Amino acid sequence: MSSTVLITIICLSLIALISAVILYFIAQKFKIFEDPKIDEVQALLPAVNCGGCGFAGCRNFAEALVKAKDFEGLNCPVGGAPVMGEVAKLLGKEAPVVEPLVAVLLCNGSPENRPHTSKYDGVSDCRIVNSLYIGETDCSYGCLGLGDCVRACKFDAMHMNTETGLPVIIDEKCVSCGACVKACPRNIIELRKKAKKDRKIYVACSNCDKGGPARRACKVACIACNKCFNVCEFNAITIENNLAYIDAFKCTFCRKCVNECPTGSIVELNFPPRKPKVELQTEVTTV
Amino acid sequence: MKTFPLGGVHPPENKLTANSQIQYLPVPESVIIPVSQHIGAPASVIVNKGDTVKTGQVIAESKGFVSTNIHSSVSGKVNKIDTAIDTSGYKQTAVFIDVEGDEWVESIDRSDKIKTEIRLSSGDIIKKCHESGIVGLGGATFPSHVKLNVPAGKKCEVLIINGVECEPYLTSDHRLMLEKGEEILIGVTILMKALKVEKAIIGIENNKPDAIDHLTKLAVQFHGISVHPLKVKYPQGAEKQLIKALINREVPSGRLPLDVNAVVHNVGTAFAVYEAVQKNKPLFERVVTITGKSLAKPGNYFVRIGTPVSKLIEAAGGIPEDTGKIVSGGPMMGKSLVNINVPVVKGTSGIILFPHGESERMETGPCIRCGKCISVCALNLEPYLLMMLSLRSLFERAEKEHITDCMECGCCSYTCPAGRPLLDYIRLGKSTVIKMTRERVVK
């Protein structure tokens, strides 16, 4: 009885030993060399696998960083300058200065501004509505309000405002990964330069129709009247396809265009309230 | 009785207007004629603002081979060339004409006399169809001259004429067969001559026994034309299903009817071809069914292209109070209108007003894996799977599952007991896959 047990143990141990030796040699033969730096770089990255850098995930991006000659075009929008700086230090390279960005919705078509003309009772999916028909309003460019962007956001930086029916972007949480930009079938979310105190001036409209039809569809549509273009001293405003665009990199936040816009399609956000205008008191003189 | 073997449904027929004779809708005060009423390149406008046009005059010229001419459906003055919304609500270029009188182009034969003798040669017939703006009037609006042009190396043996009208409610083809039977048969003979075939089969579902009788009697006088009754089943009017039902040939995935030596045309198209070739009358008028359960006077009308849908509804007694949705086309494949001022176009086969209670969507539940959608799919696809793949953006996988074969007949959505929006997602997946493959070709 005891010999059976002994033989079994010896046999199994021998098999294990032989297998281990074989496996060791196979592992040596087919060994894939992986730069240990990749692991180190990956450890520095935020590990959210959002794809904002344009790669499949953080590991993929780390590989690209290690292989790259310089960091041109490589940037982790989530980590931003601090993370990229550390990675650069580790790899002995220089990180180019990349301005932080933030997602901005280029539409202000709340039901108040943009009346609904039909009722959609189908699937709650912007892509489907966009391919099916114009949407519940008469604007074929604006927000459809079914929240594809909100579902695409992995950082909880977006939610739908039930009153306006438009998505709201929380600046502090937005990492500018661009997932919402890709998710939007109407391409009305833009990544714009993040300014001090989250101040923003932008044309909250994407309507490329001529003034008349655009205005009929939405009260706050850009009608390409050129007033903002004329008032801007910094060449930050361009008008193309019946639509004004403010370049966030050139804009100096002087707010002149906001005052000038007749439809109110230029929006200013997070500014301190304006000083009340000193109205000229005209005294009625009675004789 | 013949039918296609795979899948299909039989929705309530509701052919309310089967007995109402086709009437002529009065010419409206103004028309809006879009330049893209067909599949393919939009036509380019050749008239200017302020020009006077006659009924039947070309106002937009065909651009490229898969494209066709657009004619003025009224006489009057071009008010403007601007964008107008189509059934989907999106804007496209259109010619706005203010009507003054009704003066037709002189070359059009306006007499009622039926012309039997076909003078034109095969090539001339195809050219005439192209010039006259003939498109498939079954609803797909594919330019007919393209289908008549048999490419070298391919042979057409049989012409199939689609008189199925499998969509519920619609009766425009049915009435046309009853009232213009002889014209249709001459049209079929013209199409046979253009295709150089000896045999034509007209397929009609047996819920239209009067049309079957009428055409069978008339067909005796015509060489090579036979009429076949078919069992009522939707989507029998689809090209591939009709070919399978009538001549038992299967068009392979991604191929055309010509690959099984057949060409399919609609009865409406045959009538339009007759008018174009024998009467010199281009396509600027078509039969439209206006129907609905609570509509006061549903009926069939000859409507000038570009007439606002609102005029048609007015003629039928106005919008009933309980209307929930107005659909252009059949109830299975049609689209809801966003605005009743959109014009009737070449592809408008019917306008249906659905009351509340019938127009709403079912509440969506989870998929219970009953497999009903698979059993009704006429193309042997797996709708539940295709939906899930599109929902999760797995478009490469959807392509492998032949999502592009889907003809969007809607049987799956119709039959789903959980009311799942199968077709909505499949359509999305299909368009994405088509875009993807096109990009691949460009690369």
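All of these numbers come straight from a predicted model, not from anything done at the bench. (Residues numbered from 1 in each chain as written. Chains lettered and ligands numbered in written order. Predicted model: local features only at pLDDT ≥ 70, side-chain atom pairs only at ≥ 80, totals over all residues. Heavy atoms only, no water.)

**A look at the domain arrangement of chain B**
By a frequent convention, interface size equals the accessible area lost on bringing the separate parts together.
All names here are of chain B.
Here is step 1: When the domains of chain B are assigned, the result is domain 1 (1-22 + 108-360), domain 2 (23-98) and domain 3 (372-442).
Here is step 2: Centre-to-centre, using C-alpha coordinates, domain 1 lies 27 Å away from domain 3.
Here is step 3: Each partner contributes to the interface: domain 1 provides 17 residues, whereas domain 3 provides 14 residues.
Here is step 4: It is Leu-6, Val-9 and Met-332 that lose the most area in domain 1 upon contact with domain 3, and together they represent 35% of the buried surface on that side.
Here is step 5: At the junction of domain 1 with domain 3, the criterion picks out 4 residue pairs in polar contact (both at pLDDT 80 or more).
Here is step 6: For the side of domain 1 that touches domain 3, the residue count by class is 10 nonpolar, 6 polar and 1 charged. (Domains from an automatic or database assignment. Contact = heavy atoms within 4.5 Å. Buried area = accessible area lost by both parts, 1.4 Å probe. Polar contact = N/O pair within 3.5 Å; in protein donor to acceptor, adjacent residues only side chain to side chain. Nonpolar A, V, L, I, M, F, W, Y, C, P; charged D, E, K, R; others polar.)

**Considerations on the environment of Val-53 of chain B**
Residues and elements named next belong to chain B.
Here is step 1: Mapped onto the elements of the fold, Val-53 is located in strand β4 (residues 52-53).
Here is step 2: For Val-53 and Glu-103, which are 50 residues apart along the polypeptide, the C-alpha to C-alpha distance reads 8.9 Å.
Here is step 3: With residues near it in sequence (within four places) discarded, Val-53 still touches Val-47, Ile-59, Ser-72, Val-74, Ser-75, Gly-76, Val-78 and Ile-97. (Helix = DSSP H or I, 4+ residues; strand = E, 2+ residues; numbered from the N terminus.)

**Remarks on the environment of Val-78 of chain A**
Residues and elements named next belong to chain A.
Here is step 1: Residue position: Val-78 is located in the loop between α3 (58-67) and α4 (80-91).
Here is step 2: On the basis of relative accessible area, Val-78 is assigned to the partly exposed category, the value being 22%.
Here is step 3: Each C-alpha atom, one on Val-78 and one on Ala-47, is 9.7 Å from the other, the two residues being 31 residues apart in sequence. (Buried < 20%, exposed > 50% of the residue type's maximum accessible area, 1.4 Å probe, protein only.)

**Details of the packing of aromatic side chains**
Here is step 1: Overall, the coordinates contain 8 aromatic pairs over all chains when judged by the stated rule.
Here is step 2: With 6.0 Å between their ring centres and 50° between their planes, Phe-253 of chain A and Phe-271 of chain A make a pair best called tilted. On the criterion of sequence distance, the pair formed by Phe-253 of chain A in the loop between β7 (243-246) and α10 (256-260) and Phe-271 of chain A in the segment after β8 (266-269) is long-range, its members being 18 residues apart.
Here is step 3: With centroids separated by 5.2 Å and ring planes inclined at 85°, the aromatic side chains of Trp-104 of chain B and Phe-284 of chain B adopt a geometry described as edge-to-face. (Phe/Tyr/Trp six-rings, centres within 6.5 Å; stacked < 30°, edge-to-face > 60°.)

**Looking at the side chain of Lys-279 of chain B**
All names here are of chain B.
Here is step 1: Within the element layout of this structure, Lys-279 appears in helix α7 (residues 267-279).
Here is step 2: According to the relative accessible area criterion, Lys-279 is buried, its value standing at 6%.
Here is step 3: A distance of 2.8 Å separates the side chain of Lys-279 from the backbone oxygen of Ser-111, its partner in a polar contact.
Here is step 4: Dropping the residues within four chain positions of it, Lys-279 is found in contact with Ser-107, Ile-108, Asp-109, Ser-111, Asp-112, Lys-113 and Tyr-274.

**Quick look at the side chain of Glu-205 of chain B**
Residues and elements named next belong to chain B.
Here is step 1: In this fold, Glu-205 is placed in strand β10 (residues 199-205).
Here is step 2: Buried and without a salt bridge, Glu-205 has Lys-208 as its closest oppositely charged side chain, separated by 4.5 Å.
Here is step 3: Within the structure, the side chain of Glu-205 is placed 3.2 Å from the side chain of Gln-236, a separation counted as a polar contact.
Here is step 4: Ignoring any residue separated from it by four or fewer positions in sequence, one finds Glu-205 in contact with Gly-163, Val-164, Glu-165, Cys-166, Ile-212, Leu-230, Lys-231, Val-232, Lys-233 and Gln-236. (Lys, Arg positive; Asp, Glu negative; His and termini not counted. Salt bridge = Lys/Arg side-chain N within 4 Å of Asp/Glu carboxyl O.)

**Considering the nonpolar core**
Residue and element names in this part refer to chain B.
Here is step 1: Leu-159, Ile-184, Leu-185, Val-188, Ile-202, Leu-215 and Ile-225 are the most contacted members of the largest nonpolar core, which totals 49 residues.
Here is step 2: Of all elements in the fold, only α1 (122-131), β9 (158-162), α3 (172-179), α4 (181-195), β10, α5 (209-219), β11 (225-230) and α7 reach the threshold of two or more residues within this core.
Here is step 3: Sort the elements by how many residues they give to this core and α4 lands first, with 9 residues.
Here is step 4: Setting aside chain neighbours within four positions, we find Ile-225 in contact with Leu-185, Val-188, Thr-189, Met-192, Ala-200, Ile-202 and Ala-219.
Here is step 5: Judged by nonpolar contacts, the second largest core, of 31 residues, contains Leu-386, Leu-389, Leu-428 and Val-433. (Core = buried A, V, L, I, M, F, W, Y, C linked by side-chain atoms within 4.5 Å.)

**What about the sheet that holds strand β2 (residues 30-34) of chain B?**
Residues and elements named next belong to chain B.
Here is step 1: Pairing is antiparallel across the open sheet formed by 4 strands, whose spatial order is β2-β8-β7-β4. Edge strands, defined here as strands with exactly one partner in the open sheet, are β2 and β4.
Here is step 2: Both β2 and strand β8 (residues 91-99) contribute to a ladder of 5 bridges, which runs antiparallel. Pairing of Val-31 across the sheet is with Ile-97, part of β8. (Pairing = 2+ DSSP bridges.)

**Considering the packing of α3 of chain B against α7 of chain B**
Residues and elements named next belong to chain B.
Here is step 1: Running from N to C, α3 and α7 cross one another at 50°; their axes reach a closest spacing of 9 Å. Relative to α7, the element α3 lies oblique. When you trace α3 past α7, the crossing you get is left-handed. From α3, Asp-173, Leu-176 and Met-177 reach across to α7, where they touch Val-267, Gly-268 and Phe-271.
Here is step 2: By residue class, the composition of the contact of α3 with α7 is 4 nonpolar, 1 polar and 1 charged. (Axes fitted to C-alpha atoms, helices over the stretch in contact; angles between N-to-C directions. Parallel < 35°, antiparallel > 145°, perpendicular 65-115°, else oblique. Left-handed = near helix turned anticlockwise from the far one by under 90°.)

**What about helix α6 (residues 239-247) of chain B?**
Three or four residues apart is the spacing at which side chains of an α-helix point the same way, because the helix has 3.6 residues per turn.
Residue and element names in this part refer to chain B.
Here is step 1: Among the 9 residues that make up α6, 7 are buried, leaving the element largely enclosed by the rest of the structure.
Here is step 2: Among the residues of α6, Gln-241, Leu-242, Ile-243, Lys-244, Ala-245, Leu-246 and Ile-247 are the ones counted as buried.
Here is step 3: Looking at the residues trailing α6, positive phi occurs at Asn-248, about 55°.

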